[in-house]
Amino acid sequence: MARISMRSVTKYFDGGDTVANDAIDLEVDDGEFLVLLGPSGCGKTTALRLVAGLERPSEGEVYFGDRNVTDSSPSDRNVAMVFQNYALYPHMTVRENIEYPLKIRDVPPEERDERIAETTELLHIEDLVDKKPEELSGGQRQRTSLARAIVREPAVFLLDEPLSNLDAKLRMEMRTELKRLQEELDVTTVYVTHNQEEAMSMGDRIAVMNGGTIRQVAEPEELYTRPKTEWVARFIGSPPMNLVEGTRRNGTVELADGNSVPVDVDGDPGPVSLGVRPEDLSVTADSSDDGRAIRGTVTMVEPLGEFTIVTVDAGGSSIRAKVPTTAIERGDDVHVTFEANDAYLYDESGNLLGEHA
Ligand code: ADP
Ligand code: MG
């Protein structure tokens, strides 16, 4: 097992024109399941390849425990990597695929048999060992590639969007399974995904990436309740947090359209973005003006079974609320309300103001 640390790691491509990773500092604890989450192209795969030793940093260092592995080859690092596209050898059976990494490391045959039996049992693929990859379903192939990765007991387990090619139902199943597997093996894991649900449900901690940098590293709950920047606030949550520009005065924010709403964050007067999550908003047809609501007109009602998304135009700002079934209809004039302590305020640079609980 190992603790991973990336220290000011920068990676340029194209002679410096592309900065894929920009001064990344990241610590992954021994046995931790860390998720790298971010949109496509933000540098997740590059970061993972730098940890694996498949890329060399342009600047900075990578440590496994106290050992500087910056210049070590992948085989010296004892890492196992699993990709989205399985990469199984088509001419080999499941068993041969899993055996291969042991064979090339000269593990004696009896030990190989033992480890293959253990691993296939762990992944519930004991009955598939004689099949070829082409005879397997997508889920079975991914289990096989996971088995091949863990059979040699790596110090570090690296997964790059391993569930992306599976259908929704299977993805859910494999999520639970992978999490169980990682806990059982207790191996330091970095898991790359652009899927926030996957990240939230699996990660001990999540590192949110954008534009080659890490924007916030936190436990899932904290990422949701205390996004440190406007960017993270918009990225985590579905539908995303509403953010409306306004001016803060004592205990209230005045919005551009003249609406004034209460907030629970102290500080100097000035321009702010007011953030409220759709699930923290209520929409009422009540038209009495108590000065504590955003007034607007409903532009869309989307019933989604479990809940309904109501979109309200408030003086040019579009606000989305996630509410239980509602009698409200398009064209209705409504009040949008929320508790003062559910409001987030971000300054002009997009940084969270105050200590949001
Ligand atoms: P992600 O996995 O988050 O989608 P990547 O790490 O693959 O992002 O890519 C980050 C950026 O680096 C992208 O702009 C990508 O085009 C660029 N990049 C990645 N690998 C290479 C490479 N080998 N050569 C040139 N550019 C690359
Ligand atoms: Mg990628």
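Residues numbered from 1 in each chain as written. Chains lettered and ligands numbered in written order. Predicted model: local features only at pLDDT ≥ 70, side-chain atom pairs only at ≥ 80, totals over all residues. Heavy atoms only, no water.

Some words on the domain arrangement of the protein
Line of reasoning, step 1. By domain assignment, the protein separates into domain 1 (4-228) and domain 2 (231-355).
Line of reasoning, step 2. Put simply, the middle of domain 1 and the middle of domain 2, counted by C-alpha atoms, are 39 Å apart.
Line of reasoning, step 3. Across the boundary between the two partners, domain 1 contributes 16 residues, which contact 16 residues of domain 2.
Line of reasoning, step 4. Each partner contributes to the roughly 1300 Å² buried at the junction of domain 1 and domain 2, and carbon and sulfur atoms together form 61% of this total.
Line of reasoning, step 5. Area buried by domain 1 at its contact with domain 2 is led by Gln196, Tyr224 and Pro227, which between them contribute 42% of it.
Line of reasoning, step 6. Where domain 1 meets domain 2, there are zero salt bridges.
Line of reasoning, step 7. In this assembly, domain 1 and domain 2 are joined by seven residue pairs in polar contact (both at pLDDT 80 or more).
Line of reasoning, step 8. Looking at the side of domain 1 that touches domain 2, the elements with two or more residues in it are helix H7 (196-202), strand E9 (205-210), strand E10 (213-218) and helix H8 (220-225).
Line of reasoning, step 9. By residue class, the composition of the side of domain 1 that touches domain 2 is eight nonpolar, five polar and three charged. (Domains from an automatic or database assignment. Contact = heavy atoms within 4.5 Å. Buried area = accessible area lost by both parts, 1.4 Å probe. Salt bridge = Lys/Arg side-chain N within 4 Å of Asp/Glu carboxyl O. Polar contact = N/O pair within 3.5 Å; in protein donor to acceptor, adjacent residues only side chain to side chain. Helix = DSSP H or I, 4+ residues; strand = E, 2+ residues; numbered from the N terminus. Nonpolar A, V, L, I, M, F, W, Y, C, P; charged D, E, K, R; others polar.)

A closer look at unusual backbone geometry
Line of reasoning, step 1. Backbone torsion omega between Ser238 and Pro239 reads -5°, so that peptide bond is classified as cis.
Line of reasoning, step 2. One can find Pro239 in the loop between helix H9 (230-235) and strand E11 (242-249).
Line of reasoning, step 3. The phi torsion at Asp14 lies on the positive side, around 50°, for a residue other than glycine.
Line of reasoning, step 4. Take Asp14: it is sitting in the loop between strand E1 (4-13) and strand E2 (18-28).

Points about the nonpolar core
Line of reasoning, step 1. By size, the foremost hydrophobic cluster in this structure holds 40 residues, and its most contacted members are Leu146, Phe157, Leu178 and Tyr191.
Line of reasoning, step 2. In terms of residue count, the dominant contributor to this core is helix H5 (residues 138-150) (four residues).
Line of reasoning, step 3. Two domains each donate at least three residues to this core, and these are domain 1 (4-228) and domain 2 (231-355).
Line of reasoning, step 4. Met6, Leu26, Val51 and Val69 belong to the second largest nonpolar core, which has 27 residues in total. (Core = buried A, V, L, I, M, F, W, Y, C linked by side-chain atoms within 4.5 Å. Buried < 20%, exposed > 50% of the residue type's maximum accessible area, 1.4 Å probe, protein only.)

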